[in-house]
Amino acid sequence: MLKVGVLGAGHLGKIHLRLLNQSEKYELVGFYDPNSEHADKIAAEFGYKKFDTIAALIQAVDVVDIVTPTLSHHDCAKEVIEAGKHVFIEKPISNTIEEAEELITLAKKYNVKGQVGHVERFNPAFIATKEKIENPMFIETHRLAEFNPRGTDVPVVLDLMIHDIDVILSVVKSKVKLINASGVSVISDTPDIANARIEFENGCVANLTASRISLKNMRKSRFFQKDAYISVDFLDKVCEVVKMKDAPEVPGDFDMILQNAEGIKKQIYFDNPDVNANNAILDELETFADAINNNTTPVVTLEDGTEALRVAYQIIDCFKK
């Protein structure tokens, strides 16, 4: 079991602490939070060991799980990596591209592994369909959330849309060619609703919408490719795969047949994979333990996290123009 410590015991930090405490792949050593009053309360309530400094925590563990505000990700991760310890960083990887690139360089220099907490990669509905998404040419995503003051210190692109950016970059094997985007600030100083159109060099187009002032929550993505349509509901954890194949000579009574203007007939059929319930946060943390123990590449590398951040900032730059 890998000895692990958590930096940050806020809303998400408490979830990470609970799951790491349950995990059979980690031994939870303790946590550090700069708010000593809050840290005392967490320690008293849950029995986790509280450390008085980040340095003391780093020294006591093999892996550090950073669940602090984004502004502090770089400084915390740098200290962890330079101590030769593996690091899990909640998304986004850091506040700037330069900071993220420095972390990649340091991780290579000190030969440690890093993973970024893009949790939707571990969503069971996405896992069930991932292998079926082959060369998509049009992607549409909607990530809408009811208003929550937590997170409004950053643009909605870094808060919500970055989840979909990472998922899209993981399935489109091509470089970004062009980005157009617009964003509107409604109740925050930064955009609360945003739409982006990403064009890739291979011709794929992705249209992303994110809002944190919606009346209802929605997290849906649709992937369109040759002879298939794939829908993934990240919120309700359900998926749908609609495929087409050449129609049989003699269709059955219940076969769904489409005929185009040229007279070509196609049969529509549903290929809905089983969705196996999981805890996505626990899975992302435990696959990182596997990557360390087996010396394999983490599912979401520091490079992946940096590319998602790079595209996010290209979208934000469009707002300024």
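What you see is a predicted model; the values in this text were computed from it and never measured.

Asker: Would you mind going over the side chain of Asp-65 with me for this structure?
Answerer: Tracing the sequence through the fold places Asp-65 in strand S3 (residues 63-66). With residues near it in sequence (within four places) discarded, Asp-65 still touches Val-4, Gly-5, Val-6, Leu-7, His-16, Leu-20, Phe-88 and Leu-285.

Asker: Would you mind going over the layout of surface pockets with me for this structure?
Answerer: Taken as a whole, the second largest pocket spans an internal volume of roughly 360 Å³. What lines the second largest pocket is a set of 19 residues, and nearest its centre among them are Leu-169, Ser-174, Val-176, Glu-307 and Val-311. Mapped by element, the contributors of at least two residues to the lining of the second largest pocket are helix H7 (156-171), strand S7 (176-184) and helix H9 (302-320). With six residues, H9 is the single largest residue contributor to the lining of the second largest pocket. Looking at side-chain class alone, the lining of the second largest pocket contains seven nonpolar, three polar and nine charged residues.

Asker: Could you clarify how one ought to interpret the UniProt feature "domain: Gfo/Idh/MocA-like oxidoreductase N-terminal" (unreviewed entry) in the protein chain in this entry?
Answerer: UniProt's entry tags residues 2-118 with the feature "domain: Gfo/Idh/MocA-like oxidoreductase N-terminal" (unreviewed entry), counted in the numbering of this structure. Helix makes up 44% of residues 2-118 and strand 22%, and the two end C-alpha atoms of the span are 21 Å apart.

Asker: I keep staring at the UniProt feature "domain: GFO/IDH/MocA-like oxidoreductase" (unreviewed entry) in the protein chain and nothing clicks. Help me out?
Answerer: UniProt feature "domain: GFO/IDH/MocA-like oxidoreductase" (unreviewed entry): in the numbering of this structure it lies at residues 156-216. Across residues 156-216, the secondary structure splits into 26% helix and 39% strand, with the terminal C-alpha atoms separated by 16 Å.

Asker: I would appreciate a short explanation of a nonpolar patch on the surface in the present structure.
Answerer: On the surface, a cluster of nonpolar side chains totalling about 430 Å² of accessible area is made up of Phe-147, Val-184, Val-186, Ile-187 and Ile-193. You can see Val-184 is positioned in strand S7. Take Val-184: its relative accessible area is 46%, and that puts it in the partly exposed class.

Asker: Could you clarify how one ought to interpret helix H2 (residues 36-46) in this entry?
Answerer: Residues spaced three or four apart along an α-helix face the same direction, because each turn holds 3.6 residues. Listing the buried residues of H2 in full gives Ala-39, Ile-42 and Ala-43. Here the buried residues of H2 occupy an arc of 95° about the axis, which is enough to place them on one side. Facing away from the buried side of H2 by over 90 degrees, the exposed positions are Glu-37, Lys-41, Ala-44 and Glu-45. Structurally, H2 contributes buried residues whose contacts are with helix H1 (11-22) and strand S2 (26-32). Looking at where H2 begins, the residue whose side-chain oxygen comes 3.2 Å from the main-chain nitrogen of Glu-37 is Asn-35.

Asker: Looking at this model, I keep getting lost on the sheet that holds strand S13 (residues 256-259). Mind explaining?
Answerer: The strands that make up a sheet pair up through hydrogen bonds in the backbone, lying either parallel or antiparallel. If you walk across this open sheet you meet the nine strands as S7-S8-S9-S6-S10-S11-S12-S14-S13, and the pairing is mixed. Two strands close off the open sheet at either side, each with one partner strand: S7 and S13. In this sheet, adjacent strand axes meet at a mean angle of 15° when their direction is disregarded. The pairing of strand S10 (residues 218-225) with strand S11 (residues 228-233) spans six bridges and is classified as antiparallel. The residue bridging Phe-223 from the neighbouring strand is Ile-230, located in S11.

Asker: I would appreciate a short explanation of the sheet that holds S2 in the present structure.
Answerer: Spatially, S2-S1-S3-S4-S5 is the arrangement adopted by the five strands of the open sheet, whose pairing is parallel. Either end of the sheet is taken by a strand with one partner, and the two such strands are S2 and strand S5 (114-117). Along the sheet, successive strands turn relative to each other by an average axial angle of 20°, direction set aside. With four bridges joining them, S3 and strand S4 (residues 86-90) adopt parallel strand pairing. Looking at the pairing, Val-63 lines up with His-86 of S4. Across the sheet, H1 is in contact with strand S1 (2-7), S2, S3 and S4; its angle to S2 comes to roughly 150°. On top of the sheet, helix H4 (residues 73-82) reaches S1, S3 and S4; it is set at about 170° to S4, its chief contact.

Asker: So what exactly am I meant to see when it comes to the nonpolar core here?
Answerer: Side chains of nonpolar character tend, in soluble globular proteins, to be buried together. With 94 residues, the main nonpolar core has Tyr-26, Phe-31, Ile-66, Val-157, Met-161, Ile-165 and Ile-315 as its most contacted residues. Per-element tally for this core: the top contributor is H7, with ten residues. If we ignore the near neighbours within four places in the chain, the residues touching Phe-31 are Val-6, Ala-9, Leu-17, Ala-39, Ile-42, Ala-43, Tyr-48, Lys-49, Lys-50, Phe-51 and Leu-57.

Each value, and the rule that gives it
Each chain has its residues counted from 1, running along the sequence as written. pLDDT decides what is reported in this predicted model: residues at 70 or higher carry local features, side-chain atom pairs at 80 or more are listed and counted, and totals for whole chains, interfaces and linings draw on all residues regardless. The basis for every side-chain value is the complete set of non-hydrogen atoms in the structure, without hydrogens or water. Every helix listed is a DSSP run of H or I at least four residues long, and every strand listed is a run of E at least two residues long, numbered separately from the N terminus. We call two residues in contact whenever any of their non-hydrogen atoms come within 4.5 Å of each other. Only protein atoms enter the 1 Å grid, on which a cavity is a set of points fitting a 1.4 Å probe that cannot get out and a pocket is an open set with protein on both sides within 12 Å along at least 5 of 7 lines, lining residues being those with an atom within 4 Å of a point. Grid points are joined across faces, edges and corners, and a volume is the space filled by probe spheres set on the points. Note on residue classes: Ala, Val, Leu, Ile, Met, Phe, Trp, Tyr, Cys and Pro are nonpolar, Asp, Glu, Lys and Arg are charged, and everything else, Gly too, is polar. UniProt positions are given in the numbering used here, feature names are shortened, and annotations may be inferred rather than shown by experiment. Residues qualify for a patch when their relative accessible area is over 30% and they have no salt bridge, like charges being joined within 9 Å and the nonpolar side chains of Val, Leu, Ile, Met, Phe, Trp and Tyr within 5 Å. The Shrake-Rupley method, run with a 1.4 Å probe, gives the accessible areas here. Residue values count only the displayed protein chains as cover. We define a salt bridge as a contact between a side-chain nitrogen of Lys or Arg and a carboxyl oxygen of Asp or Glu at a distance within 4 Å. Residue burial is assigned from relative accessible area. The probe radius is 1.4 Å, only protein chains are included, and a residue is buried under 20% of its type maximum, exposed over 50%, and partly exposed in between. Relevant arc is that of directions from the helix axis to the C-beta atoms, nothing else. For the purposes of these results, a polar contact is taken to be a pair of N or O atoms within 3.5 Å, where, inside protein, one atom must be able to donate a hydrogen and its partner to accept one; residues adjacent in sequence count only when each atom of the pair is a side-chain atom. Here the rule is simple: two strands pair whenever DSSP picks up at least two bridges between them. Fitted lines through C-alpha atoms give the axes, limited to the stretch in contact for helices. The angle between two N-to-C directions lies from 0 to 180 degrees. What we call a nonpolar core is a set of buried Ala, Val, Leu, Ile, Met, Phe, Trp, Tyr and Cys residues that are connected through their side-chain atoms within 4.5 Å.

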